[in-house]
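Remarks on the overall topology
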Amino acid sequence: MIKSWMVIGGVAFLVALAANVITPSDRQWFKRLQRPRWLTFEGAIPIIWTVIFICGAWSAYIVWEKDPGSTSTWLIMGLYLLLEIVTIAYTPVMFKLRSLKVGTILGATGFIISALLILAVLSISGWAALLLVPYLLWSPIGTYTTWQMISLNPQDA
């Protein structure tokens, strides 16, 4: 029998693969953009997001195991999925549209969804809610960085 953690992890992994639709010209566009001088940790961003996604999947697993298969649990799983889709969409959508405003909007949308998700799971499991806090803390940093890049690259807003 397939375990719930396998399904949750598999879905998270498959959604994350969608970010690989970036072309070399998309990467070139982003590489040439100016960044804020205080952005000294850009190399750590993939590691940070990996930890955040692991925490999110673990949170979803905890919620699922509390009441597997119920309608409310399925709705919450949909919210987890929506959060991951919006988060993963940030890079390919912003790169394809070459729009930092779109990236900022997607980042802010992820923050709002994560706050709603925390509220939804808090009554189910404090641990599940706590595992979503890294997203809630990091997302505004990424969103603010993208927003700051708009003023440094107004032609790519």
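Rules behind the numbers
- Residues numbered from 1 in each chain as written.
- Predicted model: local features only at pLDDT ≥ 70, side-chain atom pairs only at ≥ 80, totals over all residues.
- Heavy atoms only, no water.
- Helix = DSSP H or I, 4+ residues; strand = E, 2+ residues; numbered from the N terminus.
- Rg over C-alpha atoms; globule rule 2.2 N^0.38 Å.
- Buried < 20%, exposed > 50% of the residue type's maximum accessible area, 1.4 Å probe, protein only.
- Contact = heavy atoms within 4.5 Å.
- Areas by Shrake-Rupley, 256 points an atom, 1.4 Å probe, with all protein chains shown as cover.
- Lys, Arg positive; Asp, Glu negative; His and termini not counted.
- Charge placed at Lys NZ, Arg CZ, Asp CG, Glu CD.
- Salt bridge = Lys/Arg side-chain N within 4 Å of Asp/Glu carboxyl O.
- Patch = residues over 30% accessible without salt bridge, like charges linked within 9 Å, V, L, I, M, F, W, Y side chains within 5 Å.
- Expected span 1.5 Å × (residues − 1).
- Bend = angle between axes of the 7 residues up to and from the residue.

**Quick word on the overall build of the protein chain**
Across its full length, the protein chain holds seven helices and zero strands. In sequence order, the secondary structure elements of the protein chain are arranged as α-α-α-α-α-α-α. Taken against the 2.2 N^0.38 rule, which gives 15 Å for 157 residues, the C-alpha radius of gyration of the protein chain at 17 Å falls within 12% of a compact globule. Its C-alpha atoms give the protein chain principal-axis dimensions of about 50 × 30 × 25 Å. Counting the 157 residues in the protein chain, one finds 39% classified as buried. By sequence separation, contacts in the protein chain at least 24 residues apart represent 79% of the contacts at least 6 residues apart. On the protein chain, roughly 9100 Å² of surface is accessible, and the fraction owed to carbon and sulfur atoms is 73%. The protein chain carries 10 positive and 6 negative side-chain charges, and their two centres are separated by 10 Å.

**Structural notes on the pattern of salt bridges**
For the structure shown, the criterion picks out four salt bridges. Note that K96 is salt-bridged to D26, the shortest N-O span being 3.0 Å. Placement of the pair is K96 in helix α4 (residues 71-97) and D26 in helix α2 (residues 24-31), with a sequence separation of 70 residues. Given a relative accessible area of 43%, K96 falls into the partly exposed group. The partner of R98 in a salt bridge is D26, and the shortest N-O contact between them spans 3.3 Å. In this pair, R98 sits in the loop between α4 and α5 (100-122) while D26 sits in helix α2, placing the two residues 72 residues apart along the sequence. Taken together, the shared-partner salt bridges connect D26, K96 and R98 into one network.

**Description of a nonpolar patch on the surface**
Residues I2, W5, M6, V7, V11, L81 and I85 make up a contiguous nonpolar surface patch of roughly 650 Å² in combined accessible area. Sorting the residues of the nonpolar patch by element identifies α1 (4-17) and α4 as the ones contributing at least two each. Relative to the assigned elements, I85 resides in helix α4. Judged by its relative accessible area of 42%, I85 is partly exposed.

**Section: α4**
Since the α-helix advances by 3.6 residues per turn, residues separated by three or four positions end up pointing in the same direction. Helix length check: α4, at 27 residues, gives a terminal C-alpha distance of 37 Å against a target of 39 Å (1.5 Å per residue), a fit within 8%. Bending of α4 peaks at approximately 40 degrees at the position of Y90, with proline P92 no more than four residues after it.

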